[in-house]
Amino acid sequence: MGYCPQIRMAAPEKNREGRISRPAYPRERFHEGGGRTRMVTSARESARMQAVETAPLGRPALAIEGLSHVFGRVKVLDNVGFTVRPGDFTVLLGLNGAGKTTLFALVTRLYSSRTGSISVFGHELGRSAATALASMGVVFQQPTLDLDLTVEQNLYYHAALYGMARADAAPRLAAELGRVGLLERRRERVRQLSGGQRRRVELARALLHDPALLLLDEPTVGLDIESRRFLLQHVRSLCAGRNLAVLWATHLIDEADAESRIIVLHRGRVLAEGRVPELVARTGAADLGTAFDRLVRAA
Amino acid sequence: MTLVQYLRCLGGIVRREALRWLHQRSRFISALVRPLVWLAIFGAGFRFVLGVSIIPPYETYIPYEVYIAPGLVAMIQLFNGMQSSLSMVYDREMGSMKTLMVSPFPRWFLLGSKLLAGVAVSVVQAYMFLAIAWFWEIEPPLRGYLAVLPALILAGLMLGALGLVLSSFVRQLENFAGVMNFVIFPMFFASSALYPLWRVKESSLTLYWVCQANPFTHATELIRFALYGRFNPPAAAIVFGWLLLLMSLAVYGYDPGRGLMARRGGAE
C-alpha cells in the first residue's frame with residue numbers, strides 16, 4: 001500500500017513563503033483506541049514530511065557543492081559538485097577507485113565532509129543531519145544484512161532505526177517485500193537466500209521508511225544477469241512511479257539507459273554531467289561507452 | 001524525533017542484540033559454561049590452597065567458591081562487553097554497522113543503545129549463572145539478587161563502553177586475539193576477582209596498586225557488595241567515572257568528523 005504514490009502524484013502548491021505544500025497528504029490519521037479517538041502522526045510520515053515539505057520550491061533532492069575529501073595525503077574527492085532531482089535516475093559512473101564509495105560515505109554521514117556542502121531537499125547534512133538522513137534510503141555496495149536473522153527481523157530492525165512503530169512497519173514491510181517477490185520468504189533466515197535475493201531484501205529495506213531519495217552504491221556487483229535486470233527495472237519503475245530521486249553508482253556502462261542522467265567521476269573529479277545523448281554528442285562519440293573512454297583518456 | 005521514536009529505536013537495537021545472542025548457540029552456551037567451569041574446577045582446586053579471612057561484605061568465613069562467584073559474574077560481563085566489541089568489529093567488516101550509523105538518530109544515542117542492548121544480554125547471563133551457582137551453595141541473601149541488578153547494569157555499562165572503545169580502535173577482526181591477551185586476561189587476573197587485595201598487597205605492593213587502578217576490580221567489588229545487600233560507594237563512583245570516560249572516548253572514536261573512522265579511510 002504506502003502513501004507515497006498518491007501523495008507524489010498530487011500537484012504541489014506554492015504557499016506564501018515559496019515552499020511546496022501538499023494539501024492532499026494524509027498527514028494525520030485517526031485511530032480508534034481505548035474508547036476514544038486519538039490523532040496519530042507516524043514516524044515515517046513526519047520524517048519525510050519534514051524533509052520534503054519544508055524544502056523550498058525547486059530544491060533538488062541531493063545537492064553537492066565543492067566537496068573534497070582526503071585520506072592522509074591522498075585526495076580522493078576534489079571539488080565535486082552535482083545535483084539529483086526528484087524523478088531522475090542519475091548514474092554516477094566511474095571506474096573502481098574513482099571515489100564513488102567515499103562520496104556515498106560522505107552523503108550518508110559515515111564520514112564528515114570538511115570541505116564543501118551536501119544538502120538533501122535543502123537540508124544541509126552538517127546542520128540538519130536527522131532530517132536529511134530520514135529522507136534517504138541506502139543500498140551499500142557491501143551486503144549489510146544480518147545473516148543470522150530472518151528477512152522480516154532485519155526489516156523490523158531497520159524500521160526501529162527510523163523510529164517507526166511495528167504497526168506502521170508491518171504493512172510497509174509486506175508491500176515492499178511483495179514488490180520484490182520475497183513476501184513468502186519473510187520468515188527465512190537471510191543466510192538461506194541467494195545473493196540476488198539478499199540484494200532485493202536490501203532494496204526493500206532501503207524503501208521501508210518511504211524515502212524520497214534512494215542511493216545505491218554498485219548494487220549489482222556479483223549478481224547474475226537476471227537479478228541485475230530485475231533490480232534495474234524495479235528501481236527505474238520506482239523513479240517513474242513514485243517520483244523517487246535515485247543516485248545509482250556503477251562502473252558498468254550498460255546500466256545507464258537513454259533517459260538516465262550521467263555523472264562521470266574519475267580520480268575524485270566530476271568530468272562531465274548530463275543526459276546520455278548530450279554526453280555522446282559533446283564528445284562526438286557513437287555511444288556512451290566510447291564517450292566515457294574519451295572523457296577518461298582526456299582527463 | 002520524538003521520545004517515543006527514540007524508545008522504538010532503543011527497543012529495536014535491544015531486540016536485535018537479544019535475537020543474535022539466542023541465534024548464536026555457541027555464544028549462548030559458552031557464555032554460560034565458561035564461568036561454571038571456573039567455579040567447578042578452579043574454585044574446587046584452590047579452595048584448599050587459598051584461605052579467605054573474614055572481609056567485608058562477608059560476615060563469616062566463606063569457601064573459596066563463594067569468594068570468586070561475584071568475580072565470575074563480573075567476568076561474564078567483561079566477556080560480554082568484549083563479545084559486543086567483537087561483534088561491532090565484525091559488523092563493521094561485514095557492513096551491517098553502516099545500517100546502524102545511517103539512522104537519523106544521533107550517534108551518541110545509537111552507541112548508547114547498542115551499549116544498553118549488550119548490558120541487557122549480560123544481565124540475563126549473570127542471573128542465569130547465579131541461578132545455577134545456587135547449587136554450588138553460593139546462596140547470597142534473597143534481597144541480594146535484587147540489589148545486584150543496579151550494580152550489574154552499572155558494571156555492564158562500563159565494561160561495554162570499554163568494548164566500544166576497543167572496537168573503534170581495533171581495525172580488523174584478526175587483531176582481536178591481541179585484545180584477549182592484552183585486555184581481558186590482564187584485567188581479570190590483576191583484580192580482586194580471584195583473590196582478595198590484602199593478599200595481593202602482601203606479595204607485591206606494585207601489583208596491589210595495579211589492581212587498584214584496574215576498573216574491573218571496582219566492578220567486581222561493586223557486584224560483590226551488592227550481592228550481599230551492601231552498597232560500596234567508592235567502587236560505584238570509580239565505575240561511574242570510568243563509564244563516563246570510556247563512553248566519551250567511544251563517541252569520539254565513532255564520530256564521523258573527528259574520530260578514527262574518518263582517519264581509517266577505506267576500512268569502513
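Above this text is the structure in question.
Residues numbered from 1 in each chain as written. Chains lettered and ligands numbered in written order. Predicted model: local features only at pLDDT ≥ 70, side-chain atom pairs only at ≥ 80, totals over all residues.

Regarding the overall build of chain A
The helix and strand tally for chain A stands at 10 helices and 14 strands. A buried classification covers 46% of the 299 residues belonging to chain A. Counting only contacts in chain A whose residues sit at least 6 apart along the sequence, the fraction spanning at least 24 positions is 69%. (Helix = DSSP H or I, 4+ residues; strand = E, 2+ residues; numbered from the N terminus. Buried ≥ 20, exposed ≤ 12 C-beta atoms within 10 Å, placed from the backbone. Contact = placed C-beta atoms within 7 Å.)

Digging into the sheet that holds strand β12 (residues 245-250) of chain A
Residues and elements named next belong to chain A. In spatial order, the strands read β10-β11-β12-β7-β13-β14; together these 6 strands make up an open sheet with mixed pairing. Edge positions in the sheet fall to β10 (136-139) and β14 (269-275), since each has one partner strand and no second. Averaged over all neighbouring strand pairs, the angle between strand axes comes to 15°, with direction disregarded. When strand β11 (residues 213-217) meets β12, the two strands line up parallel, connected through 5 bridges. Within the sheet, the bridge partner assigned to Leu 215 lies in β12 and is Leu 247. Contacting β10 and β11, helix α7 (residues 195-207) crosses the sheet at an angle of about 165° to β10. Against the sheet, helix α10 (residues 288-298) makes contact with β7 (89-93), β13 (261-266) and β14, and its axis sits at roughly 35° relative to β13, the strand it touches most. (Pairing = 2+ DSSP bridges. Axes fitted to C-alpha atoms, helices over the stretch in contact; angles between N-to-C directions.)

Remarks on the pairing of strand β8 (residues 115-120) of chain A
Residues and elements named next belong to chain A. Sheet topology note: the strand β5 (residues 62-71)/β8 ladder contains 5 bridges and is antiparallel. Pairing of Ala 63 across the sheet is with Ser 119, part of β8. The turn linking β8 back onto strand β9 (residues 123-124) is made up of 2 residues, and Phe 121 within it adopts a positive phi angle of 50°.

A look at the packing of helix α1 (residues 3-23) of chain B against helix α5 (residues 107-133) of chain B
All names here are of chain B. Interhelical geometry of α1 versus α5 gives an angle of 45° and a closest axis separation of 9 Å. With respect to α5, the element α1 is oriented oblique. The two elements α1 and α5 cross, and the hand of that crossing is right-handed. Of α5, the residues touching α1 (which contributes Tyr 6, Cys 9, Leu 10, Ile 13, Val 14, Glu 17, Ala 18 and Trp 21) are Phe 109, Ser 113, Lys 114, Leu 116, Ala 117, Gly 118, Ala 120 and Val 121. (Parallel < 35°, antiparallel > 145°, perpendicular 65-115°, else oblique. Left-handed = near helix turned anticlockwise from the far one by under 90°.)

What about the interface of chain A and chain B?
Facing the 31 residues of chain A at the interface are 27 residues of chain B. Mapped onto the side of chain A that touches chain B, the elements with two or more residues apiece are α2 (43-53), α4 (129-134) and α5 (151-161) of chain A. Examining the composition of the side of chain A that touches chain B, we find that 6 residues originate from one element, α5 of chain A, more than from any other.

Notes on the environment of Pro 104 of chain B
Residue and element names in this part refer to chain B. Counting through the fold element by element, Pro 104 comes out in the loop between α4 (96-101) and α5. Residue Pro 104 is classed as buried on the basis of its C-beta count, with 25 C-beta atoms lying within 10 Å. For Pro 104 and Phe 182, which are 78 residues apart along the polypeptide, the C-alpha to C-alpha distance reads 36 Å.

Remarks on helix α11 (residues 233-253) of chain B
Residues and elements named next belong to chain B. With 21 residues, α11 should reach 30 Å at 1.5 Å per residue; the first-to-last C-alpha distance of 30 Å fits that figure. Inspection of α11 places Ala 235, Ala 236, Ile 238, Val 239, Trp 242, Leu 243, Leu 246, Met 247, Ala 250 and Val 251 among the buried residues, and these make up the whole buried set. Where the residues of α11 are buried, they touch α5, α6 (142-169) and α10 (215-227). (Expected span 1.5 Å × (residues − 1).)

Quick look at unusual backbone geometry
All names here are of chain A. Of note, the phi angle at Asp 210 is positive, near 60°, even though the residue is not glycine. Of note, Asp 210 is situated in the loop between α7 and β11. On the basis of neighbour count, Asp 210 is assigned to the buried category, with 25 C-beta atoms found within 10 Å. Backbone geometry places Asn 243, a non-glycine residue, at a positive phi of 60°. Topologically, Asn 243 is positioned in the loop between α8 (225-242) and β12. Note on Asn 243: 18 C-beta atoms within 10 Å, which makes it partly exposed.

A short note on the sheet that holds β5 of chain A
Judged by pairing direction, the sheet is antiparallel, and its 4 strands sit side by side in the order β6-β5-β8-β9 (chain A) without closing on themselves. Single-partner strands in this sheet number two, and they are β6 (74-84) and β9 of chain A.

Some remarks on the environment of Leu 106 of chain A
One can find Leu 106 of chain A in helix α3 (residues 100-107). Put simply, Leu 106 of chain A and Gly 87 of chain A are 19 residues apart on the chain and 22 Å apart in space, counted from C-alpha to C-alpha.

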